[in-house]
Amino acid sequence: MASKKLLGMLNDAIAGELQVSLQYMWQHVQWKGVKHFAVKDEFEKIGIEEMKHAEAIAERLFYLGGTPTTKPEPIAVGSSLKEMLTTDKKDEEKTVKMYKEIIALATKEGDLTTAHLFTEILGDEEGHHDTFQSLLEEI
């Protein structure tokens, strides 16, 4: 079975995924201006992907004997497109770092399924980071 540390990290990952799924969805809804119009659908698309990540991680955590959290990390919608994208980029950087740590710990504990799950999700998160970084360069 997974260590308490790994189970806790999975719950932290769920809280982060819940946070950004709501954050990106509200950023999609609360758009204003021409520049935001051009990216609002990207917020929606990534928000839906993040919710799917939360679900997959919760299923894995529950399988390992843990109880998935229902509480997101604090949500920061932002008041301008630049503020939104800057916050989102930082959130993705934090997530990428954490998922690399989860992969390392899961591998060390011999939990190859969890390591594989997070390796797949990590690719998505790096893509999200790249998207937000690229959009910031255009503002």
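Residues numbered from 1 in each chain as written. Predicted model: local features only at pLDDT ≥ 70, side-chain atom pairs only at ≥ 80, totals over all residues. Heavy atoms only, no water.

## Re the packing of helix H1 (residues 4–29) against helix H2 (residues 34–63)
In step 1: In contact at an axis separation of 7 Å, H1 and H2 are set at 155° when each is read in the N-to-C sense. Classified by the angle their axes make, H1 and H2 are roughly antiparallel. Our pair here, H1 against H2, has a crossing hand that is left-handed.
In step 2: Residues belonging to the contact of H1 with H2 are distributed by class as follows: 16 nonpolar, seven polar and five charged. (Axes fitted to C-alpha atoms, helices over the stretch in contact; angles between N-to-C directions. Helix = DSSP H or I, 4+ residues; strand = E, 2+ residues; numbered from the N terminus. Parallel < 35°, antiparallel > 145°, perpendicular 65-115°, else oblique. Left-handed = near helix turned anticlockwise from the far one by under 90°. Nonpolar A, V, L, I, M, F, W, Y, C, P; charged D, E, K, R; others polar.)

## Quick notes on the environment of lysine 90
In step 1: Mapping lysine 90 onto the fold places it in helix H3 (residues 81–108).
In step 2: When its relative accessible area of 53% is taken as the criterion, lysine 90 is described as exposed.
In step 3: Along the primary structure lysine 90 and histidine 129 are separated by 39 residues, whereas in three dimensions their C-alpha atoms are 8.2 Å apart. (Buried < 20%, exposed > 50% of the residue type's maximum accessible area, 1.4 Å probe, protein only.)

## Some remarks on helix H4 (residues 112–137)
Along an α-helix, residues three or four positions apart point the same way, because every turn accommodates 3.6 residues.
In step 1: Here H4 is 26 residues long and its end C-alpha atoms lie 37 Å apart, about the 38 Å a rise of 1.5 Å per residue gives.
In step 2: Among the residues of H4, Thr114, Ala115, Leu117, Phe118, Ile121, Leu122, Glu125, His128, Phe132 and Leu136 are the ones counted as buried.
In step 3: Along its buried surface, H4 packs onto H1, H2 and H3. (Expected span 1.5 Å × (residues − 1). Contact = heavy atoms within 4.5 Å.)

## Topic: the UniProt feature "binding site: heme b" (unreviewed entry) in the protein
In step 1: The feature "binding site: heme b" (unreviewed entry), as annotated in UniProt, sits at Met51 in this numbering.
In step 2: Among residues more than four places away in sequence, those in contact with methionine 51 are Leu18 and Ser21. (UniProt positions renumbered as here; feature names shortened; annotations may be inferred.)

## Section: the UniProt feature "binding site: Fe cation 3" (unreviewed entry) in the protein
In step 1: Here, the residues flagged by UniProt with the feature "binding site: Fe cation 3" (unreviewed entry) are Glu49.
In step 2: By the secondary structure assignment, glutamate 49 is in helix H2.
In step 3: The partly exposed category is assigned to glutamate 49, whose relative accessible area is 26%.

## A closer look at the nonpolar core
In step 1: One finds Leu10, Ala13, Ile57, Tyr99, Ile102 and Phe118 to be the most contacted residues of the largest nonpolar core, which totals 25 residues.
In step 2: When contributions to this core are tallied by element, the ones reaching two or more residues are H1, H2, H3 and H4.
In step 3: Not counting residues up to four positions away in its chain, the partners in contact with alanine 13 are Ile57, Met98, Tyr99, Ile102 and Phe118.
In step 4: Counting residues in each nonpolar core, the second largest holds eleven residues, with Val20, Val39, Phe43 and Leu136 among its members. (Core = buried A, V, L, I, M, F, W, Y, C linked by side-chain atoms within 4.5 Å.)

## Notes on the packing of H2 against H3
In step 1: Remark: H2 packs on H3, axes separated minimally by 13 Å, with the N-to-C direction vectors making an angle of 25°. Judged by the angle between their axes, H2 and H3 are roughly parallel. Two packed elements cross with a definite hand, and for H2 against H3 that hand is left-handed. Contacts from Lys35, His36, Val39, Phe43, Glu50 and Ile57 in H2 reach Leu81, Met84, Leu85, Asp88, Glu92 and Tyr99 in H3.
In step 2: Looking at the contact of H2 with H3 residue by residue, the class counts come to seven nonpolar, one polar and four charged.

## Some details on the packing of aromatic side chains
In step 1: Enumeration according to the criterion identifies four aromatic pairs in this entry.
In step 2: Here the aromatic rings of tyrosine 99 and phenylalanine 118 are separated by 4.9 Å at their centres, their planes lie at 85°, and the arrangement is edge-to-face. Of this pair, tyrosine 99 sits in helix H3 while phenylalanine 118 sits in helix H4, and the two are 19 residues apart along the sequence. Side by side, tyrosine 99 and phenylalanine 118 carry an identical accessibility label, which is buried. (Phe/Tyr/Trp six-rings, centres within 6.5 Å; stacked < 30°, edge-to-face > 60°.)

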